[in-house]
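Structure assessment
Residues per chain are reported as follows:
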Amino acid sequence: MPGLAASPKIFEYIELPPQRYCLHFLEWQIPKREETFDSYAQRMCKFIEHENAVLLGVSFGGMLVQEMSKFLNLKKLFVVSSVKSYHELPKRLKILKYTKAYKVLPTQWLSNIDLLAKYAFGETIKKRVDLYKKYLSVTDKTYLDWSIEQIVCWKQDKPNPKAIYIHGDNDLVFPHSCQGDCIVVKGGTHIMILNKYKWFNENLPKLIES
């Protein structure tokens, strides 16, 4: 499951042994009006085709797969570049929650790909705008409004004991998530699913089968 506004193309470099694994890529669906995170997670579970599947989510997708896991029998659950609970959300997002400022954010601005990249990837570098256009595909205002509310108002108080958390030590979007029971990838940024893909290709099979 990709992150905020991202397409499954973020997984294009992930390669697992084809004789043992079949990869399925989930995509963001436009939420229904007033849909809860819990209800959305149940709806997304309908796209899981197999019992005892391995589910992996990145960033906001990592929050979603933790919610989905409540309704599925999984072999393994991986949460990458995300948070274990709302306690790990950065201060700026906690302020949005307590002031309810997220309700008046002009999310139509996020149709600007450079600004959306800052929200989704934690950086805005002009020469990479074309690259971001490749990976960021969901700019629907209803989706963006809903997503920001779900992130800042997430209710998970404690880490999921069944999840395997993987985080980069240079993640600027979620800088507080390397503590506790977590696999830390040295030099990993918020987009390490793209630029540290070799680490994932080497280690995911071992983690799945351990």
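Below, the structure is looked at part by part. (Residues numbered from 1 in each chain as written. Predicted model: local features only at pLDDT ≥ 70, side-chain atom pairs only at ≥ 80, totals over all residues. Heavy atoms only, no water.)

Structural notes on the overall build of the chain
The secondary structure content of the chain amounts to eight helices and four strands. Listing the helices and strands of the chain from first to last along the sequence gives α-β-α-β-α-α-α-α-β-β-α-α. Per-residue burial for the chain yields a buried fraction of 52% across its 210 residues. Long-range contacts, defined here as pairs at least 24 residues apart, represent 61% of the contacts in the chain between residues at least 6 apart. Put simply, the chain shows about 11,300 Å² of open surface, and 52% of that area lies on carbon and sulfur atoms. (Helix = DSSP H or I, 4+ residues; strand = E, 2+ residues; numbered from the N terminus. Buried < 20%, exposed > 50% of the residue type's maximum accessible area, 1.4 Å probe, protein only. Contact = heavy atoms within 4.5 Å. Areas by Shrake-Rupley, 256 points an atom, 1.4 Å probe, with all protein chains shown as cover.)

Some words on the sheet that holds strand β1 (residues 53–58)
The sheet built from four strands is open, its strands ordered β1-β2-β3-β4 with parallel pairing. With partners counted over all chains shown, the strands left at the sheet margins are β1 and β4 (183–185), one partner each. Adjacent strand axes in the sheet meet at a mean angle of 20 degrees when their direction is disregarded. Sheet topology places β1 next to strand β2 (residues 74–80); six bridges connect them, and they run parallel. Bridge assignment links G57 to a residue of β2, and that residue is V79. (Pairing = 2+ DSSP bridges. Axes fitted to C-alpha atoms, helices over the stretch in contact; angles between N-to-C directions.)

Quick notes on the side chain of R43
Inspection of the secondary structure puts R43 in helix α1 (residues 37–45). Within polar-contact distance, the side chain of R43 engages the backbone oxygen of I30 at 3.2 Å. The residues contacting R43, other than those within four sequence positions of it, are Q29, I30, P31, K32 and E35. (Polar contact = N/O pair within 3.5 Å; in protein donor to acceptor, adjacent residues only side chain to side chain.)

With respect to the side chain of Q150
Structurally, Q150 is set in helix α6 (residues 141–152). Looking at Q150, the relative accessible area reads 11%, which means it is buried. Excluding anything up to four places from it in sequence, Q150 contacts E35, F37, F60 and M63.

A look at the packing of aromatic side chains
Inspection of the entire model under this criterion finds 10 aromatic pairs. Where Y40 meets W146, the ring centres are 4.5 Å apart and the plane angle is 40 degrees; that geometry is what we call tilted. Linking Y40 in helix α1 with W146 in helix α6, this pair joins segments that are 106 residues apart in sequence. In terms of burial, Y40 and W146 fall into one category: buried. Judged by centre distance (6.2 Å) and plane angle (55 degrees), the ring pair of F60 and W146 falls under tilted. Here the residue F60 occupies a position in helix α2 (residues 60–68), and W146 occupies one in helix α6, the gap between them amounting to 86 residues. Ring pairs connect the aromatic residues W28, F37, Y40, F60, Y143 and W146, which therefore count as one cluster. One cation-aromatic arrangement involves K84 over Y165; the distance from NZ or CZ to the ring centre is 5.8 Å. (Phe/Tyr/Trp six-rings, centres within 6.5 Å; stacked < 30°, edge-to-face > 60°. Lys NZ or Arg CZ within 6 Å of the ring centre and 35° of its normal.)

Some details on the environment of P175
Tracing the backbone shows P175 in the loop between β3 (163–168) and β4. Considering only alpha carbons, one finds P175 and V83, 92 residues apart in sequence, at a separation of 9.4 Å.

Overview of the state of the cysteines
Per the counting criterion, the structure on display carries zero disulfides. Left unpaired, C182 is separated from the closest cysteine sulfur, that of C178, by 5.4 Å. (Disulfide = S-S within 2.5 Å.)

Some thoughts on α1
Those residues of α1 that fall on the buried side of the exposure criterion are F37, Y40, A41, R43, M44 and C45. Tucked inside the fold, the buried residues of α1 contact α2 and α6.

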